[in-house]
Amino acid sequence: MTGVGYADRLYLPADTAMHRLPGHVKLVAALGFVLAVGCTPREQFWAFGGHAGLLAIAVARARIPITVLLRRLTVELPFLAFAILMPFLASGRRVEVLGVGLSVTGLLDAWNILAKATLGVSTSIVLAATTNLRDLLLGLERLRLPSLLIQIMSFMIRYGDLILAETHRMRIARESRGFVARDVRQVPVLARSVGALFIRVYERGERVHLAMLSRGYTGGMPGLLQTAAVPAQWAGALALPLAAATVAAAAWTRS
Amino acid sequence: MTETSLEIQGLVHAYPDGQQTLRGVCLTLRRGERVALLGPNGAGKTTLALHLNGVLTPSAGTVRVAGLPVLPQHLAEIRRRVGIVFQDPDDQLFMPTVRDDIAFGPANLGLRGQALDRRVSAALSAVGLAGHADRVPHHLSFGQRRRAAVATVLAMEPEILVLDEPSSNLDPASRRELADILDGLDVTVLLITHDLPYALRLCQRSVILSGGVIVADGPTADLLADADLLARHRLELPYGFDVRMLDSRPPGQPPARDPARSSPC
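Being a predicted model, the structure only gives us computed values, none of them experimental.

Novice: I would appreciate a short explanation of the sheet that holds strand 2 (residues 20–30) of chain B in the present structure.
Specialist: Two modes of strand pairing occur in sheets, parallel and antiparallel, and in both the strands are linked by backbone hydrogen bonds. All names here are of chain B. Pairing is antiparallel in the open sheet, where 4 strands are placed in the order 2-1-4-5. Across the chains shown, the open sheet's two edge strands, defined by having one partner strand only, are strand 2 and strand 5 (68–69). Examined bridge by bridge, strand 4 (residues 60–65) and strand 5 share 2 bridges and lie antiparallel to one another. Note that in strand 5 the partner of R64 across the bridge is P69. Each of strand 1 (4–14), strand 2 and strand 4 touches helix 1 (residues 45–52); the most contacted strand, strand 1, lies at about 120 degrees to it.

Novice: I tried to follow the interface of chain B and chain A on my own but got confused; where do I start?
Specialist: It is common to give the size of an interface as the accessible area that goes away when the parts come together. Every contact between the two is made by 35 residues of chain B and, on the other side, 29 residues of chain A. Of all residues in chain B, B:D91, B:F94 and B:H138 give up the largest surface area on contact with chain A, accounting jointly for 26% of the area buried on that side. A:R204 is paired through a salt bridge with B:D91; the nearest N and O atoms lie 2.8 Å apart. Considering every element that reaches the side of chain B that touches chain A, the biggest residue donor is helix 4 (residues 98–108) of chain B, with 8 residues. Along the lines of polarity and charge, the residues of the side of chain B that touches chain A split into 17 nonpolar, 8 polar and 10 charged.

Novice: What am I meant to see in the packing of aromatic side chains here?
Specialist: Under the counting rule described, the total for this entry stands at 7 aromatic pairs over all chains. When the centroid spacing of 5.4 Å and the interplanar angle of 70 degrees are considered together, the rings of A:F45 and A:W111 count as edge-to-face. Separated by 66 residues along the polypeptide, A:F45 in helix 3 (residues 45–61) and A:W111 in helix 6 (residues 104–130) bring together distant segments of the chain. Its relative accessible area of 46% is what places A:F45 among the partly exposed residues. Ring geometry for B:F94 and B:F104: centres 4.9 Å apart, planes at 90 degrees, overall edge-to-face.

Novice: How should I be thinking about the domain arrangement of chain A in this particular structure?
Specialist: Entries for chain A in the domain assignment read domain 1 (9–139 + 228–254) and domain 2 (146–214). When each unit is reduced to the centre of its C-alpha atoms, the spacing between domain 1 of chain A and domain 2 of chain A is 35 Å.

What counts, and where the lines are drawn
- Residues numbered from 1 in each chain as written.
- Chains lettered and ligands numbered in written order.
- Predicted model: local features only at pLDDT ≥ 70, side-chain atom pairs only at ≥ 80, totals over all residues.
- Heavy atoms only, no water.
- Pairing = 2+ DSSP bridges.
- Helix = DSSP H or I, 4+ residues; strand = E, 2+ residues; numbered from the N terminus.
- Contact = heavy atoms within 4.5 Å.
- Axes fitted to C-alpha atoms, helices over the stretch in contact; angles between N-to-C directions.
- Buried area = accessible area lost by both parts, 1.4 Å probe.
- Salt bridge = Lys/Arg side-chain N within 4 Å of Asp/Glu carboxyl O.
- Nonpolar A, V, L, I, M, F, W, Y, C, P; charged D, E, K, R; others polar.
- Phe/Tyr/Trp six-rings, centres within 6.5 Å; stacked < 30°, edge-to-face > 60°.
- Buried < 20%, exposed > 50% of the residue type's maximum accessible area, 1.4 Å probe, protein only.
- Domains from an automatic or database assignment.

Written out as structure tokens, the structure reads:
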């Protein structure tokens with residue numbers, strides 16, 4: 001059982017300066033950029049063009065193919081479906097577009113969601129494509145996220161594949177004995193399978209804990225092997241959120 | 001330094017439900033010896049292993065590792081001295097990369113920086129996985145994962161290496177590769193298995209654990225040639241395997257040197 005590697009599917013290996021940046025630097029830069037975008041007044045349309053331009057530079061420097069970016073952006077479609085309804089549902093002053101009366105406030109709300117969500121999701125796509133999961137954990141560790149949370153995330157990444165494979169084997173075992181999930185009457189069988197899976201995962205947890213104890217675990221992780229960031233890396237990475245903050249500040253002064 | 005790696009005296013263990021799995025085990029391993037602990041399923045082999053590094057506490061009896069008694073105040077040192085390789089390598093490899101996993105034990109011992117890097121590299125080289133440090137454990141083959149699991153405890157430079165069913169689920173080539181690696185290690189080994197040919201391949205001496213006590217202790221070839229003894233303890237050689245046809249001395253092992261016997265209890 002080698003697993004499908006679901007956990008690192010989003011990472012696009014390449015040798016760029018963006019890829020080489022330590023995880024914590026990229027996390028701070030991404031968070032700063034998203035905050036700057038979030039603080040930009042929605043009426044200042046040009047500012048979002050500025051943000052998009054800055055992000056486009058990051059995408060180009062990370063050598064992320066535009067088709068990959070667009071394909072991954074589809075994850076926000078369900079949220080946008082809600083945004084599209086807003087001009088029809090919101091109250092207040094209305095304008096006529098192609099013969100349909102739309103709420104001005106609703107249109108602005110929809111635009112706000114569309115622009116900010118797209119920029120936010122794109123930022124996380126760039127982060128995930130340039131940072132493997134280990135570096136992401138290292139980054140969170142360096143940013144002083146509680147050790148217990150890091151450990152939980154680390155185990156989720158490590159054992160996610162194994163649990164999926166276990167689920168798959170249980171499904172094959174059920175189907176090999178003629179089980180077909182047709183309707184609600186099959187729910188008890190599936191519920192028992194979920195229960196059995198829980199017990200197996202729990203038992204594995206106990207065995208992993210034993211293995212950890214046997215190698216000197218006393219409750220705290222010794223820390224992964226870390227790489228520190230040099231000032232030039234900080235400067236390069238923080239240029240993005242600082243430029244976005246400047247755009248946001250300019251937008252506020254004009255609004 | 002003492003000549004005895006492991007000394008178990010009158011070890012008794014009962015689980016909280018009252019089930020008694022070990023009923024007075026006595027066993028002594030000399031430094032550098034490779035000993036197979038044989039026994040059927042449910043004989044208490046793994047329970048015994050978990051007493052060696054203090055994960056389980058005996059109901060009675062004592063365990064000493066290189067002279068140091070297994071007691072709560074010595075647990076850190078005991079866990080450095082006793083390296084247990086568990087049966088399922090996925091239980092043993094729990095970190096994001098092979099490097100992190102191998103560094104876990106030595107880092108818990110306080111090693112950092114270059115000293116830690118050297119430990120990791122040496123352990124990886126010892127199991128033939130140099131160059132795989134940055135691999136994700138679930139991307140390795142099962143045989144590679146088993147070897148990486150061995151490396152995780154080798155990195156702690158143990159006094160004694162305890163392997164729980166190391167040959168299980170391995171294809172023949174992976175079995176041989178692992179045996180070659182174990183052959184090359186200069187460390188005391190307790191090999192827990194019911195794979196009798198594997199015990200013969202690697203260990204000059206074997207003990208049989210059955211019903212919670214050591215019922216036989218002697219040269220592996222002699223024990224495996226005693227069909228009645230094996231049958232009494234639900235052990236069987238594979239079909240067609242005749243121990244008398246083989247050289248009784250496992251390859252890589254020194255000539256017989258009167259192996260240490262378990263002390264009478």
